[in-house]
Structures are given as C-alpha cells and as structure tokens.
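Reading the structure
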Amino acid sequence: MQKHEQKTCPFGDDIVSYMYDEMPTGGQLEFERHLAACEVCTDDFAAVSLARFETYDWKRVEFDPLATPQIVIPYPQQTVTFGERIWAWTSWVTVVPVLATIMMATTVGLIFWTNSREPDISQEQVDPVNVAPPLNKPAAVSVVPKAEVASNSGETDRIPRLEHVVRRVVTKNRPSGPKSQFARRLYPNVRLGNDMAINVTSDIKHAPRLGVRDDEEDDKSLRLADLFDETNPPPQR
Amino acid sequence: MLNLTDEELVEKAVGSDPEAFGEIVRRWERKIFALCFGMLGREDDARDACQETFIAAYRNLSRFRGEAKVSSWLHRIAVNQCLTTKRRQKTRSEDFLNDDDGSEERAFVAAPHHSPAIRAEVSERTAVVRQAVKALPADLREVIVMKEFEEMTFQEISDTLEIPLSTVKSRLYTALKQLRMKLERTPVEIL
C-alpha cells in the first residue's frame, strides 16, 4: 500500500464526491483502484466517513422521529359577495360552451319536432292538378284582306271600311287576355273567338295604297274619272 | 486488555486469544461500520460489509506483519470488502433488471430495542455530535446541514450558496474532517 503526503494525492478532493455517490462512473472506478492501494486516502476516507456517519446517526435519532410540522399560513380573508361568486363561477369560459350546447340542443329538437308533425303525403288522396299547357308561338300569321274575310263569312254589310282592315292573328289555345278585350272594345262588330286576337299595330303598315285598285271589280261606285270619259260612259244605276 | 495498544492486541489474537480480537472488534466496530456506510450508503449493506470485514481480518491475522497500523489494515480490508459488495450489487442489479432503483439508498433498518444503557449511550453521542456541529464555522456548518439533513446535491448547494462546485466539496471535506477531530477530543464512553 502506498504512503504519501495528502498534498501529492490527486484524489483528495474526490473523497466526498465518492462518499455521496456524485462522481462520474469513469472517475469512480479510478478512485476505487486508488483507494484500494493508497493507505493515506483510505485512512482519510475512514475519518471522513466516521464524521459523516455520526452526523447521519444524529439526524436519525433526533430529527427523523419528529413529526413533520403542519404549516398554516394565516392568509387575510377576503369578503366575496354573492354576485362575485356567481360571476366567478359563471365566467365566459363556462358560459359560452353552455350556451352553445343549449342552442345546438334546441335546434336539433326543433328539427325532430317539425319532422314528427308533417303528414305522410304518400298515404293521402291528392286532387289532380290541372297544369296549363306550355305556351306556343303562333303557328302562322296570315294577312287576310277584309274583302276576303267578308266573303268567307258572308257578312258583307258589316264589313268595315278599307282603312280599318285588320290583320287577324289566329292563335291556337291562347286564352283571352287584355289584348283581346281591347280588340273587342275597338272593333265591336268583329266577332272574336277565344282563339283569335287582333294585331292592331300592323294595320296601318299593310294598308292598301290609293293607287292600287285591287277592288275594282267589286267596287260599283261612281268614280270621278268616269264622268269625263266619253268613250266609256259610266254605267247606269 | 483495555490498556493494550492495537498492535499488542493483534499479537495476542494471533496467539489464539479470542478476547484480544474481541477487544479489537469492540474498538473498531463503529468506525469500520462508518467507513462501510460511507462507501455503500446503506445501513444494512454496511452492517453486512462490517461483519465480513472483521471475519476476513480474523482469518488473516497471521498475515499482519506490523508494517502498517492496525487501523489502516482494517480500513484496507473494509474498503476491499465494500468494493466486492458493490461489484456484487452491480451484477445483481443487472441480472434482475435494476429492480432496486436506489429509492432505498438512505433507508435504514428499524433500530432494535436497545437496553437503557445503549439508549443512554446513543443519547450522549448525539449530544456530542450536536455540540461539535454547532461549534463548526457557519460556512462549514451550512454545507453539512444542506448535505446531510436536506439531502441536496453538490450542484444544488452550489446554486443555493452561489459558490463554485469545487468550493462546496472542499468545504464539506473540511467540515467533516474538523467534525472528526472534535469528536476525537470528546470520545463517548462506549458501554
């Protein structure tokens, strides 16, 4: 076993570290090898260990049996009103989730309640519904001269004058509307069916001009030119 | 027998005097136990190591040649016994998947029911230690109290006192050495 001075021993300060098990593993093994070979360090370690054990024994005998004191801190008491307690209990952190839950529950309940009150339409007798047919555009627009209309209908005495020739627009399946009523008031002598309407706006546009004598054969009235025509005297009426 | 030195007692023990070796055990039992406790950290392990130390010393009495002090010889045997115990504990902990997590590091077995004489000795010894610790300088005493009573690490003491880590170790080492010297000056009469 070595014997040397304490000053030359490099492990003198490591005695307490090893004793309290706070030495790194590598240093611990090195210190143990040195301790087994160094008499000075061994005696020193024994002396320090004895002092430590006496302290430990003193603590065990006198302090460990003592009960842990119960610390009571006299905090100043604060008077809290009832409203403050309620507000502290119902803070926004509590209120918002509760309100959201209530709203969701109410919504779901209303949905279920509404669905439960609706009748079962599959079991009821439902009256047939008359659906109007879709509107069709006029199939054709015919311009019929008044004379032709009169000849076809046989009502020559009620034929209006030439400037009042109208164009009849025949539409099929067209209900009577405001335009038809207006035409009845305007032309009370013309019979209009529910399927007929008069396009008033096109009357003047297609009125015959004065120079055109397309009604010469039917018009038996006296003309001014006939009075001065000596070669062709006017017919006797 | 009480007036003989340790070396004389060893010579008597080598000459097959069982009372001589018994006196050696009585003189060094507590110190060797403290050494074993310092190395192993557990009271029950220290008791076993102390027992094994004196058995090994008795078996090797014939090898003691008087070149060193008896105390150093016993210390060496105790250190070797503690190192053997630690290696055995390490192997055992590895075999049993570290079932001993060290939580019982500072645990101690229940003290047996001592006689009134032993209780009086214990009470007297604690009074001596209390006076010795109280006589230490304040900077040394606070380190001992933090380490032994509050079980703080060296680093925690360093952070608390705002002193270097090496200073904490040197202060504790000095405090324990001074405490040992004070206890030697006022030895407790062992009954």
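Residues numbered from 1 in each chain as written. Chains lettered and ligands numbered in written order. Predicted model: local features only at pLDDT ≥ 70, side-chain atom pairs only at ≥ 80, totals over all residues. Heavy atoms only, no water.

**Some thoughts on the overall build of chain B**
Filter applied, for reference: For the purposes of this entry, the term helix denotes a DSSP run of H or I that reaches at least four residues, the term strand denotes a run of E that reaches at least two, and both are numbered from the N terminus. For the exposure calls, accessible area comes from a 1.4 Å probe over protein chains only, and a residue counts as buried if that area is under 20% of its type's maximum, exposed if over 50%, partly exposed in between. Contacts between residues were defined by any pair of non-hydrogen atoms, one from each residue, lying within 4.5 Å. Each accessible area is a Shrake-Rupley result for a 1.4 Å probe, and residues are judged covered by the shown protein chains and nothing else.
When you go through chain B residue by residue, the secondary structure sums to eight helices and zero strands. Secondary structure elements of chain B, listed N to C terminal, follow the sequence α-α-α-α-α-α-α-α. Here chain B holds 191 residues, and the buried ones make up 40% of them. Sequence-distant contacts, at least 24 apart, represent 58% of the contacts inside chain B between residues at least 6 apart. On chain B, roughly 11,000 Å² of surface is accessible, and the fraction owed to carbon and sulfur atoms is 50%.

**Quick look at the interface of chain A and chain B**
The line we're drawing: Buried area is understood as the total, over both parts, of accessible area removed when two parts are fitted together, assessed with a 1.4 Å probe. Any carboxyl oxygen of Asp or Glu that lies within 4 Å of a side-chain nitrogen of Lys or Arg is treated as forming a salt bridge with it. We call two N or O atoms a polar contact when they sit within 3.5 Å, provided that within protein one can donate a hydrogen and the other can accept it, with sequence-adjacent residues counted only if both atoms are side-chain atoms.
Contact with chain A, which involves 39 residues of that partner, is made by 44 residues of chain B. Both faces considered, chain A and chain B share a buried interface measuring about 4,100 Å² in area, 64% of it formed by carbon and sulfur atoms. Per-residue buried area on chain A facing chain B is highest for A:Phe53, A:Tyr56 and A:Trp58; these three make up 16% of the total on that side. Counting across the chain A and chain B interface gives nine salt bridges. Between B:Glu151 and A:Lys59 there is a salt bridge whose closest N-O contact spans 3.9 Å. Inspection of the chain A/chain B interface yields 15 residue pairs in polar contact (both at pLDDT 80 or more). Of all the elements in the fold, those that place two or more residues in the side of chain A that touches chain B are helix H1 (14–19), helix H2 (25–37) and helix H3 (39–63) of chain A. With 23 residues, the single largest contributor to the side of chain A that touches chain B is H3(A).

**Comments concerning the pattern of salt bridges**
All names here are of chain B. All chains considered together, the criterion is met by 19 salt bridges over all chains. A salt bridge links glutamate 23 to arginine 26, with the nearest nitrogen and oxygen atoms 2.9 Å apart. Taken together, the residues glutamate 23 and arginine 26, both in helix H2 (residues 18–40) and three residues apart, mark about one turn of the helix. Overall, glutamate 23 belongs to the buried group, its relative accessible area being 8%. The class of arginine 26 is partly exposed, set by a relative accessible area of 35%. Linking arginine 42 and aspartate 45 is a salt bridge whose minimum nitrogen-to-oxygen distance equals 3.0 Å.

**Some points on the packing of H3(A) against helix H5 (residues 116–135) of chain B**
Operational definition: Lines fitted to the C-alpha atoms define the axes, with helices restricted to the stretch that makes contact. Angles between their N-to-C directions range from 0 to 180 degrees. Two helices that cross are described as forming a left-handed crossing if the nearer one is turned anticlockwise from the farther one by less than a right angle, and a right-handed crossing if clockwise.
Two elements in contact, H3(A) and H5(B), have axes separated by 9 Å at closest approach and are oriented at 115 degrees. Once H3(A) is placed against H5(B), the crossing between them reads as left-handed. Facing A:Glu54, A:Thr55, A:Asp57, A:Trp58, A:Val61 and A:Glu62 of H3(A), the residues of H5(B) in contact are B:Val122, B:Arg125, B:Thr126, B:Val129, B:Arg130 and B:Val133.

**Quick notes on the packing of helix H1 (residues 6–14) of chain B against H2(B)**
Residue and element names in this part refer to chain B. Threshold: In the scheme used here, Gly and all other residues not listed as nonpolar or charged are polar, with Ala, Val, Leu, Ile, Met, Phe, Trp, Tyr, Cys and Pro taken as nonpolar and Asp, Glu, Lys and Arg as charged.
The geometry of H1 relative to H2 is characterised by a closest axis approach of 7 Å and an angle of 140 degrees between their N-to-C directions. For the pair H1 and H2, the contacting residues are Asp6, Leu9, Val10, Lys12 and Ala13 in the first and Ala20, Phe21, Glu23, Ile24, Arg27 and Trp28 in the second. When grouped by side-chain class, the residues that make up the contact of H1 with H2 number seven nonpolar, no polar and four charged.

**Brief notes about the environment of B:Arg27**
Residue and element names in this part refer to chain B. Along the chain, arginine 27 turns up in helix H2. For arginine 27, a relative accessible area of 23% corresponds to the partly exposed category. Arginine 27 sits 21 residues away from aspartate 6 along the chain, and the two C-alpha atoms are 9.0 Å apart. Here the side chain of arginine 27 touches aspartate 6 through a polar contact of 3.0 Å, side chain to side chain.

**Examining the nonpolar core**
Definition in use: In plain words, nonpolar cores are sets of buried Ala, Val, Leu, Ile, Met, Phe, Trp, Tyr and Cys residues tied together by side-chain atoms within 4.5 Å.
Counting 71 residues, the largest nonpolar core has A:Phe45, B:Met39 and B:Leu74 as the members making the most contacts within it. Discounting residues that sit within four places of it in the chain, B:Met39 has contacts with A:Tyr18, A:Leu35, A:Phe45, B:Val79, B:Cys82, B:Leu83 and B:Lys86.

**Some points on the confidence of the model for chain A**
To keep it simple, the criterion reads: What pLDDT conveys is the predictor's confidence in a given residue, as a value from 0 to 100.
Scored by pLDDT, chain A has a mean of 69; 43% of the residues are at 70 or more. Element-level mean pLDDT values for chain A span from 49 in strand E1 (residues 167–170) of chain A up to 89 in H1(A).

**Digging into the packing of aromatic side chains**
Any two aromatic rings considered together are summarised by their centre-to-centre distance and by the angle between their planes. So the rule is basically this: Pairing of aromatic side chains requires ring centres within 6.5 Å, counting the rings of Phe and Tyr and the six-membered ring of Trp. Pairs whose planes differ by under 30 degrees are stacked, by over 60 edge-to-face, and all others tilted.
In total, this model carries 11 aromatic pairs over all chains according to the counting rule given. On the basis of an interplanar angle of 45 degrees and a centroid distance of 5.0 Å, the ring pair of A:Tyr18 and A:Phe31 is categorised as tilted. Highlighted residues: A:Tyr18 in helix H1 and A:Phe31 in helix H2, separated in sequence by 13 residues. The exposure classification of A:Tyr18 matches that of A:Phe31, with both residues buried. Among the aromatic residues, those joined into a cluster by ring pairs are A:Phe53, A:Tyr56, B:Phe33 and B:Phe37.

**Describing H5(B)**
What counts here: To estimate how far a helix should reach, multiply one less than its number of residues by 1.5 Å.
For H5(B), spanning 20 residues, the distance from its first C-alpha to its last is 29 Å, which sits close to the expected 28 Å at 1.5 Å a residue. Elements that come into contact with the buried residues of H5(B) comprise H3 of chain A together with H2, helix H6 (138–149) and helix H8 (165–185) of chain B.

**Considering the state of the cysteines**
In a disulfide, the sulfur atoms of two cysteines are covalently bonded to one another. All names here are of chain B. What counts is decided by this rule: The definition used for a disulfide is geometric: two cysteine sulfur atoms within 2.5 Å.
Evaluation of the coordinates by the stated rule reveals zero disulfides over all chains. Cysteine 82 provides the cysteine sulfur closest to cysteine 36, a residue in no disulfide bond, and the two sulfurs are 3.6 Å apart. Between cysteine 50, a free cysteine, and cysteine 36, which holds the nearest cysteine sulfur, the sulfur-to-sulfur gap is 5.4 Å. On the basis of relative accessible area, cysteine 50 is assigned to the buried category, the value being 7%.

**Quick notes on H8(B)**
Residue and element names in this part refer to chain B. Basically, it comes down to this: The directions considered for the arc are those from the helix axis to the C-beta atoms.
Taking 1.5 Å as the rise per residue, H8 with 21 residues should run 30 Å; its terminal C-alpha atoms sit 31 Å apart, in good agreement. Along H8, the positions that sit buried rather than exposed are Val168, Lys169, Leu172, Tyr173, Ala175, Leu176, Leu179, Arg180 and Leu183. Summarising the axial view, the buried residues of H8 lie within an arc of 160 degrees, below the 170-degree limit, and thus occupy one face. In H8, the exposed positions that point more than 90 degrees away from the buried face belong to Ser166 and Arg185.

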